[in-house]
Amino acid sequence: MTPTTEQLCRLAQDYAQRFLRRFEDPLTRASEDDIVQDSAIAAWQWVSSVREPRRFEAAVRTIARRKRCRALREHHRRRSEEWVAGRSGSDGVGSFDVEGRQVPRDWLLPRLARSLGRLRSLDRCLLMALQEGFSGSEVADRYGLSEDNVKVRAHRARQRVRLEIEEAVRVARCLGGFDG
């Protein structure tokens, strides 16, 4: 018996939702309904050309995984653009608040890049993966670490970067290195 279009869509939604439940990151949770709907539509379009109907569930999981990855990349891209744009200061130049002081983006970005560059390669990769929206357990699986180890390493790496940036701001303030 061939399932109806409605049954296929409902089945695809169930498969996609079940697949997405394994992810605990806030972005997946927030956009789960959209990803499920998009996955169901793509699966419904795909099913007309399928040669092996028993692979439908695997196909829906693949579609949902790809939709989730696209959503994560898009979110990361938007956040990166917002971060680089910074908040507009009184003079119209992007700036960030560091230690209660407005720091120009053009002054801060090279120092941030240097600070990130001084981190161990693994620590930098962990920070970037977490920033991209992957959960601690996903990052742990990717790098063969325990989730607790990922949390500790990421915390220490963030702290090193923060302290380095704050120290640079204090030194610059003492030396008059930027207008704030």
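Remember, predicted model here, so these are calculated numbers, not experimental data. (Residues numbered from 1 in each chain as written. Predicted model: local features only at pLDDT ≥ 70, side-chain atom pairs only at ≥ 80, totals over all residues. Heavy atoms only, no water.)

> Tell me about the overall build of the protein chain, and please be specific about residues and values.
When helices and strands are tallied, the protein chain shows seven helices and three strands. Ordered by position from the N terminus, the helices and strands of the protein chain form the series α-α-α-β-β-β-α-α-α-α. Residue burial in the protein chain is summarised as follows: out of 180 residues, 32% are buried. Just so you have it, the protein chain exposes about 11600 Å², and 49% of that area is on carbon and sulfur atoms. (Helix = DSSP H or I, 4+ residues; strand = E, 2+ residues; numbered from the N terminus. Buried < 20%, exposed > 50% of the residue type's maximum accessible area, 1.4 Å probe, protein only. Areas by Shrake-Rupley, 256 points an atom, 1.4 Å probe, with all protein chains shown as cover.)

> Outline the nonpolar core, listing residues and values.
Formed by 17 residues in total, the largest nonpolar core has its most connected members in A12, A16, F19, L20, A43, F56 and V60. At the level of elements, helix 1 (5–20), helix 2 (26–47) and helix 3 (56–85) are the ones that each hand at least two residues to this core. Leaving out residues up to four positions away in the same chain, A16 has contacts with V36, S39, V60 and A64. In terms of nonpolar packing, the next biggest core, distinct from the first, is built from 14 residues, A154, A157, I165 and A172 among them. (Core = buried A, V, L, I, M, F, W, Y, C linked by side-chain atoms within 4.5 Å. Contact = heavy atoms within 4.5 Å.)

> Lay out the pattern of salt bridges in plain terms, naming residues and giving numbers.
Using the criterion set out here, one finds 11 salt bridges in the structure. Note that E57 and R18 form a salt bridge whose closest N and O atoms lie 3.6 Å from each other. Residue E57 is found in helix 3, and its partner R18 is found in helix 1; the two are separated by 39 residues along the sequence. By relative accessible area, R18 is classed as partly exposed at 46%. Residue R153 is joined to D123 by a salt bridge in which the shortest nitrogen-to-oxygen separation is 2.7 Å. One end of the pair, R153, is in helix 7 (residues 147–175); the other, D123, is in helix 5 (residues 121–131), and 30 residues separate them in sequence. Residue R153 is classed as partly exposed on the basis of its relative accessible area of 22%. With relative accessibility at 2%, the residue D123 sits in the buried group. Salt bridges sharing common partners tie together R18, E57 and R61. (Salt bridge = Lys/Arg side-chain N within 4 Å of Asp/Glu carboxyl O.)

> Explain the packing of helix 5 against helix 6 (residues 136–143) to me, and be specific about the residues and the numbers.
At their nearest, the axes of helix 5 and helix 6 sit 10 Å apart, and the two run at 140° to each other. Judged by the sense of rotation from one axis to the other, the crossing of helix 5 with helix 6 is right-handed. Residues L122, C125, L126, A129 and L130 of helix 5 touch helix 6, and the partners they reach there are G136, V139, R142 and Y143. Looking at the contact of helix 5 with helix 6 residue by residue, the classes come out as seven nonpolar, one polar and one charged. (Axes fitted to C-alpha atoms, helices over the stretch in contact; angles between N-to-C directions. Left-handed = near helix turned anticlockwise from the far one by under 90°. Nonpolar A, V, L, I, M, F, W, Y, C, P; charged D, E, K, R; others polar.)

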